[in-house]
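Examination of the molecular architecture
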Amino acid sequence: MRDRLGRSFGWLWGAYAVSAYGTGFGFGAFPVLAVLVLDAGPGRVALLAAAGRAVGALLAVPLGPWVEFRRKRPVMVATDLVRCGALLSVPLAYACGVLSFGQLLLVSVVTAAADIAFRAASGAYLKWLVPPDGLLLANSRFEATTWSATVLGPPLGGAAIGVLGPVTTVLADAVSYLLSALGLRAIGGTEPEPARDPETPRATALLAGWRHLLSEPALRPLFLNTLAVNGLLMATEPLLAVLLLGRLGYAPWEYGLAFAVPCLGGLLGARVARPLARRYGARRVLRVTGVLRVCWPVGLAGVGPGPAGLVLVMVVEAGLITCCGIFNPLLATRRLDLTPRHLVARTLAAWTVSTSTAIAVLTAAGGLLATWTGPRAALGLAGLALLATPVLLLPGRDRGRARGEAVAAEG
């Protein structure tokens, strides 16, 4: 891998891997803290997930142009350090006996804004670092790393919470960001200073990412579909945490195991994404897996206590995650192919801000709905809504092929 994409990509991949494993180890840490330490119900857990993303996305809106016109690697290092510092405040407050719901909200906001800036910078940096014919390989490696980290991280994190306390995984996640920053610093090399037109109005620069997403015919349906799917999927996370950890009495390690084992499907999906794209065409595979990935979550409404419930969660998550493991690297590659270099950071920032906002709105709505109807009914309704999302991926929506190929050639 290092030979094909270069030593610098090896360091980038290593930095990504260590932070991905930290995130996997800390999977669901804030909902777990809210439920087990602060005795929060479904409304407050949903508020924690929604408010952090919403306010973080709002703060991140001006970050797209800011990132676009700066060297990307220093931005990535800085955002890693910001996330490290924010997360370290949680175990410190817990040790002092002053951890509060408000602090969890604040840390969620800071990390959400830093996540958006990091993703915008890392996507632009990857397009500069890796040749166009290596992007799918690079994105597949990132996707495989994410799922392998999620296979190992949650059960180990759940066990660590049971043995060492509820803030253990937050501390480990913070350290992983520090190690990621050190790995990025080790890449070395001279990244060119991005050019900027001083006559471009600030508002024009700010909205350029959204304008590209909505005006590019091949990107627009993928963008709108992603908003709906990611929003609805993530809205179920706090509801499922309340149902499994609270009402059904699952232990933290069982909760982690229920999401870890199915991630083997994501690892498999990431490995077969490139062969499938070569054989059947990337756009066709993207469309098919985009439809298949939303057929599973409605089954979560039927989860019950005991081993049978655990198996049901694993089966549903395995089907969903396998499809996502194929879909995600193809989507990431197509998005970069269809975006010129001078717009990558703003486009990725606009994409992530919009996705975070959609997740926040739908998570808040899911929390309110669960307060009235219970988490099980809310999970079922979210699953039914997901079944309507493939309409944006119907044949005839994916136009702009020639323009996309021209942009890829330019890049």
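In this report, we go over the structure that sits alongside the text. For clarity, every value in this text was computed on a predicted model and none was experimentally measured.

Calculation rules
- Residues numbered from 1 in each chain as written.
- Predicted model: local features only at pLDDT ≥ 70, side-chain atom pairs only at ≥ 80, totals over all residues.
- Heavy atoms only, no water.
- Helix = DSSP H or I, 4+ residues; strand = E, 2+ residues; numbered from the N terminus.
- Rg over C-alpha atoms; globule rule 2.2 N^0.38 Å.
- Buried < 20%, exposed > 50% of the residue type's maximum accessible area, 1.4 Å probe, protein only.
- Axes fitted to C-alpha atoms, helices over the stretch in contact; angles between N-to-C directions.
- Parallel < 35°, antiparallel > 145°, perpendicular 65-115°, else oblique.
- Left-handed = near helix turned anticlockwise from the far one by under 90°.
- Contact = heavy atoms within 4.5 Å.
- Polar contact = N/O pair within 3.5 Å; in protein donor to acceptor, adjacent residues only side chain to side chain.
- Phe/Tyr/Trp six-rings, centres within 6.5 Å; stacked < 30°, edge-to-face > 60°.
- Nonpolar A, V, L, I, M, F, W, Y, C, P; charged D, E, K, R; others polar.

A count of helical and extended segments in the chain gives 18 helices and zero strands. In terms of overall size, the chain behaves like a compact globule, its C-alpha atoms giving a radius of gyration of 20 Å where 411 residues would be expected to give roughly 22 Å. With the C-alpha coordinates aligned to their principal axes, the bounding extent of the chain is approximately 55 × 50 × 40 Å. Counting all 411 residues of the chain, 55% fall into the buried class.

Here we take up the packing of helix H11 (residues 220-247) against helix H16 (residues 344-373). The interhelical angle for the contact between H11 and H16, taken along N-to-C directions, is 40 degrees, at an axis separation of 7 Å. Viewed along their axes, H11 and H16 adopt a mutual orientation that is oblique. Crossing of H11 against H16: the hand is right-handed. For the pair H11 and H16, contact is made by Leu-222, Phe-223, Thr-226, Leu-227, Ala-228, Asn-230, Gly-231, Leu-232, Met-234, Ala-235, Pro-238 and Leu-239 and by Trp-351, Ser-354, Thr-355, Ala-358, Ile-359, Leu-362, Thr-363, Gly-366, Gly-367 and Ala-370, respectively.

Let's shift gears to the side chain of Thr-145. Checked against the element boundaries, Thr-145 lands in helix H8 (residues 135-164). Among the residues examined, Thr-145 registers a relative accessible area of 7% and is labelled buried. Here Trp-13 takes part through its side chain, which lies 2.8 Å from a polar atom of the side chain of Thr-145. When neighbours within four sequence positions are excluded, Thr-145 is seen to be in contact with Trp-13, Tyr-16, Ala-17, Ala-20 and Tyr-21.

This part covers the packing of aromatic side chains. Here the structure, examined in full by the defined rule, presents five aromatic pairs. Relative to Phe-142, the ring of Tyr-16 has its centre 4.7 Å away and its plane inclined at 45 degrees; by these criteria the two rings are tilted. With Tyr-16 in helix H2 (residues 7-25) and Phe-142 in helix H8, the pair connects residues that are 126 residues apart, well separated along the chain. Centre to centre, the rings of Tyr-125 and Trp-128 are 5.5 Å apart; their planes meet at 35 degrees, and the pair counts as tilted.

Take the packing of helix H13 (residues 263-280) against helix H14 (residues 282-292) next. Two elements in contact, H13 and H14, have axes whose closest approach is 7 Å; the angle formed by their N-to-C orientations is 120 degrees. Overall, the two elements H13 and H14 adopt an arrangement that is oblique. The segment H13 lies against H14, with Leu-276, Ala-277 and Tyr-280 engaging Ala-282, Arg-284 and Val-285. Split by residue class, the contact of H13 with H14 holds five nonpolar, no polar and one charged.

Remember, this is a structural readout, not a statement about activity or role.
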